[in-house]
Number of protein chains: 2
Amino acid sequence: MAAPELEHLIGLLAKLPTLGPRSARRAVLALLSKKEKQFVPLVEAMETVLEKVQTCPICGNMDTVVPCTICSDDSRRGNQICVVRDVSDLWAIERANVFKGRYHVLGGLLSALDGIGPDELQIESLLAKVRQNPETEIILALPTTVEGQTTAHYLSDRLADCGCVVSTLSRGVPVGGELDYLDDGTLQMAFKARRQV
Amino acid sequence: MAAPELEHLIGLLAKLPTLGPRSARRAVLALLSKKEKQFVPLVEAMETVLEKVQTCPICGNMDTVVPCTICSDDSRRGNQICVVRDVSDLWAIERANVFKGRYHVLGGLLSALDGIGPDELQIESLLAKVRQNPETEIILALPTTVEGQTTAHYLSDRLADCGCVVSTLSRGVPVGGELDYLDDGTLQMAFKARRQV
């Protein structure tokens, strides 16, 4: 019942993940109540991102420079490629500050249900990178879901022919994890992969 | 660890109600993956709203025209004013399509805890409207919280001197409400205000 321009904006915002019509309406009213302090800076920030941010043609990361900061950083190891599902997983690993190599964004996971096959993902470009430099270590940092593990299996099969080292992240009890609350699968995995101290 | 322009946008989005850093990040990545279909229309819609939408000086509604569509609609009864806390409550009543009078947005509720007194709210302008036209019926559509009821009490005290009719929304069992799940206060109120059928 608001003006059509407002309803249009609320409708567009409501399409974003984690938002719905009610939270979109609250967001718009919050922005309108702080026009100069919040609304104007937000619109400007959006315009800047829309204009400047691009997908890196080498790794698939989003950045304002091409190639992205990570790909053009010579201090990072070029012989380690961490394969991730999407840009948000890449950013999560960067926040943890544990990996100093390069990345490769698949753009999704194999999924028979959703009809996503190998051709929909950035797999050929990964194989091409490995063929160019067979000394590379490939670290598969994919989710431990059915789709994630199917994709990891498929990738290690394809990469086996290239002669490169393929590893995956370790699995087990997460830091701060109460054993009582863990699912059986994780506990079984943690027992199987136990380490001598 | 994303580009500073991206982090800036994520930070601004994370300040919106119901959003946090994680959902802001997901929203930005979703927008970047659908630049033409989602991102460009969203930025355009925001620019339009930022430029056109204003607060109505008469009722406090947000609209693209001044006075707002409701205040300038002659088919709506001018002798009924519905007093609401904020614009989202006004929109909720408009969506229900039950009221064909005018509105008055208070801009908040009296709250000793938050230090909000009568001078922070649009109370004087409401009294001025009533003094100009004492035939007006004032409908207090305020939340049934402590702050809402304090504000309703204060307003009916102040309005009593003006000689206008003051009413509030009825209280009781909501539509679709299971008695078993209702709080004691609502049940007590529903019994006290019972109606003969």
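See the structure shown above.
Values in this document were obtained by computation on a predicted structure and should not be read as measured data.

All names here are of chain B. Tracing the backbone through its elements, the reader meets Arg102 in strand E4 (residues 102–105). Summary of buried charges: Arg102 has no salt-bridge partner, and the nearest side chain of opposite charge, Asp74, is 4.6 Å away. Beyond its immediate stretch of four places on either side in the chain, Arg102 contacts Ile70, Cys71, Asp73, Asp74, Arg76, Arg77, Gly78, Gln80, Ile81 and Cys82.

With that settled, the discussion passes to the sheet that holds strand E3 (residues 80–84) of chain A. Residues and elements named next belong to chain A. Strand order in the open sheet formed by four strands is E4-E3-E5-E6, with parallel pairing between adjacent strands. Sheet topology places strand E4 (102–105) and strand E6 (165–168) at the edges, where each strand pairs with a single neighbour. Taken over all neighbouring pairs, the strand axes of this sheet differ in orientation by 25° on average, direction set aside. Relative to E4, helix H4 (residues 87–96) is tilted by about 155°, and along the sheet it contacts E3 and E4.

Side chains that are nonpolar tend, in soluble globular proteins, to be buried together. With 80 residues, the main nonpolar core has A:Leu6 and B:Leu6 as its most contacted residues. Those residues in contact with B:Leu6, other than ones at most four positions away along the chain, are A:Val49, A:Val53, A:Met62, A:Trp91, B:Val28 and B:Leu32.

Quick look at empty space enclosed by the protein now. Following the criterion strictly, the structure yields one cavity of 30 Å³ or more and no others. In this structure, the largest cavity spans a volume of roughly 30 Å³. What lines the largest cavity is A:Leu12, A:Leu16, B:Leu31, B:Gln38 and B:Leu42. A per-class count over the lining of the largest cavity returns four nonpolar, one polar and no charged.

Let's shift gears to the environment of B:Val146. Residue and element names in this part refer to chain B. Mapped onto the elements of the fold, Val146 is located in helix H6 (residues 146–160). Owing to a relative accessible area of 67%, Val146 belongs among the exposed residues under this scheme. Separated by 36 residues in the primary sequence, Val146 and Leu182 place their C-alpha atoms 18 Å from one another.

Next up on the list: the layout of surface pockets. Its boundaries defined by the atoms lining it, the largest pocket holds a volume of some 560 Å³. Lining the largest pocket are 24 residues, and of these A:Arg85, A:Asp86, A:Val87, A:Val105 and A:Gly107 sit closest to its centre. Elements supplying a minimum of two residues to the lining of the largest pocket: H4, E4 and helix H5 (124–132) of chain A together with helix H2 (21–33) of chain B. Taken together, 20 residues form the lining of the second largest pocket, with B:Leu140, B:Ala141, B:Leu142, B:Leu169 and B:Ser170 sitting closest to its centre.

Scoring rules and cut-offs
Residues numbered from 1 in each chain as written. Chains lettered and ligands numbered in written order. Predicted model: local features only at pLDDT ≥ 70, side-chain atom pairs only at ≥ 80, totals over all residues. Heavy atoms only, no water. Helix = DSSP H or I, 4+ residues; strand = E, 2+ residues; numbered from the N terminus. Buried < 20%, exposed > 50% of the residue type's maximum accessible area, 1.4 Å probe, protein only. Lys, Arg positive; Asp, Glu negative; His and termini not counted. Salt bridge = Lys/Arg side-chain N within 4 Å of Asp/Glu carboxyl O. Contact = heavy atoms within 4.5 Å. Pairing = 2+ DSSP bridges. Axes fitted to C-alpha atoms, helices over the stretch in contact; angles between N-to-C directions. Core = buried A, V, L, I, M, F, W, Y, C linked by side-chain atoms within 4.5 Å. 1 Å grid on protein atoms, 1.4 Å probe; cavity = no way out; pocket = protein on both sides within 12 Å on 5 of 7 lines; lining within 4 Å. Points joined across faces, edges and corners; volume = space filled by probe spheres on them. Nonpolar A, V, L, I, M, F, W, Y, C, P; charged D, E, K, R; others polar.

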